Every structure is written in C-alpha cells, then in structure tokens.
Amino acid sequence: MSWIILIIAGLFEVGFTTCLKLSNNFTNFKWSLAFAVCISLSFYFLNKATQTLPMGTAYAVWTGIGAVGTVIVGILYFQEPANFWRIFFIATLIGSILGLKFFAGSH
C-alpha cells in the first residue's frame, strides 16, 4: 500500500509542477490555488509513504515520478522537444525508479 501512496504523491508532484507553469508566475488565481492544493497533497502522501518505506528510496522515487511525469506533460501539452536523447534519459530514469522499487528493499 505504501508504494501506491508514493505513486499518488508523485502524481500530485506532476500536478503541482504543471499548475506552477499554468499559474503564470502566480498571477492566475485558479492555477495558483490548484498548485497549493497539489503541493500540499503531494507532501502529505510522501510523508505517509515514508512512514513505512525507506526515506531515501521514497524521496528518489517521488522525485523521479515527478520528473518523468513533468517531462511527459511538457512534451504532450506544452510542445517541449521530444528528441532521442531526452527520451533516452527519461527511459533511464524510469529504469532507475523501477530498480529502486524492486531492488532497494523496504520494510
């Protein structure tokens, strides 16, 4: 269950980074509010996950999910580049996240 909670935390991280961009430097109230909600929920779920998962592993996976998800959102919705090397290194990051999940051990 802790891994599911950690994934939820990572998805809210993607949410808050996306809302950050859409907030237009916090001038758009709706997206600024969404940012505040997403960041609060992201940290809440990260905190819950670290109660049973090793802190270092949970943090690395959380930031990895956020990084990969944010890049995907950037490519799909903000027309950011999707060149070979960018995709290659995102794939290595996904591999690292999976490695931490399956080989880093948890309680």
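Residues numbered from 1 in each chain as written. Predicted model: local features only at pLDDT ≥ 70, side-chain atom pairs only at ≥ 80, totals over all residues. Heavy atoms only, no water.

Q: Break down the packing of aromatic side chains for me, citing the residues and quoting the values.
A: The tally for this structure, following the rule as stated, stands at 11 aromatic pairs. Aromatic pair Phe84 and Trp85: ring centres 4.9 Å apart, planes at 80°, arrangement edge-to-face. Residue classification places Trp85 among the exposed residues on the basis of a relative accessible area of 53%. With a centroid separation of 6.0 Å and 20° between ring planes, the pair formed by Phe84 and Phe88 is classed as stacked. On the criterion of helical spacing, the pair formed by Phe84 and Phe88 is a turn pair, its members being four residues apart in helix 4 (residues 84–103). The exposed category is assigned to Phe84, whose relative accessible area is 56%. Overall, Phe88 belongs to the partly exposed group, its relative accessible area being 36%. (Phe/Tyr/Trp six-rings, centres within 6.5 Å; stacked < 30°, edge-to-face > 60°. Buried < 20%, exposed > 50% of the residue type's maximum accessible area, 1.4 Å probe, protein only. Helix = DSSP H or I, 4+ residues; strand = E, 2+ residues; numbered from the N terminus.)

Q: Let's hear about the UniProt feature "transmembrane region" (unreviewed entry) in the chain: which residues, and what values?
A: As annotated by UniProt and renumbered to match this structure, "transmembrane region" (unreviewed entry) occupies residues 29–46, 58–78 and 84–104. Between the end C-alpha atoms of residues 29–46 there is a gap of 26 Å, over a span that is 100% helix and 0% strand. (UniProt positions renumbered as here; feature names shortened; annotations may be inferred.)

Q: So what's going on with helix 3 (residues 55–77)? Residues and values would help.
A: Between its first and last C-alpha atoms helix 3 spans 32 Å; for 23 residues at 1.5 Å apiece the expected length is 33 Å, and the two agree. Residues of helix 3 that are buried include every one of Thr57, Ala58, Val61, Trp62, Gly64, Ile65, Gly66, Val68, Gly69, Val71, Val73 and Gly74, and no others. Buried residues in helix 3 make contact with helix 1 (2–22), helix 2 (29–49) and helix 4. Gln79 lies just past helix 3 and shows a positive phi near 55°. (Expected span 1.5 Å × (residues − 1). Contact = heavy atoms within 4.5 Å.)

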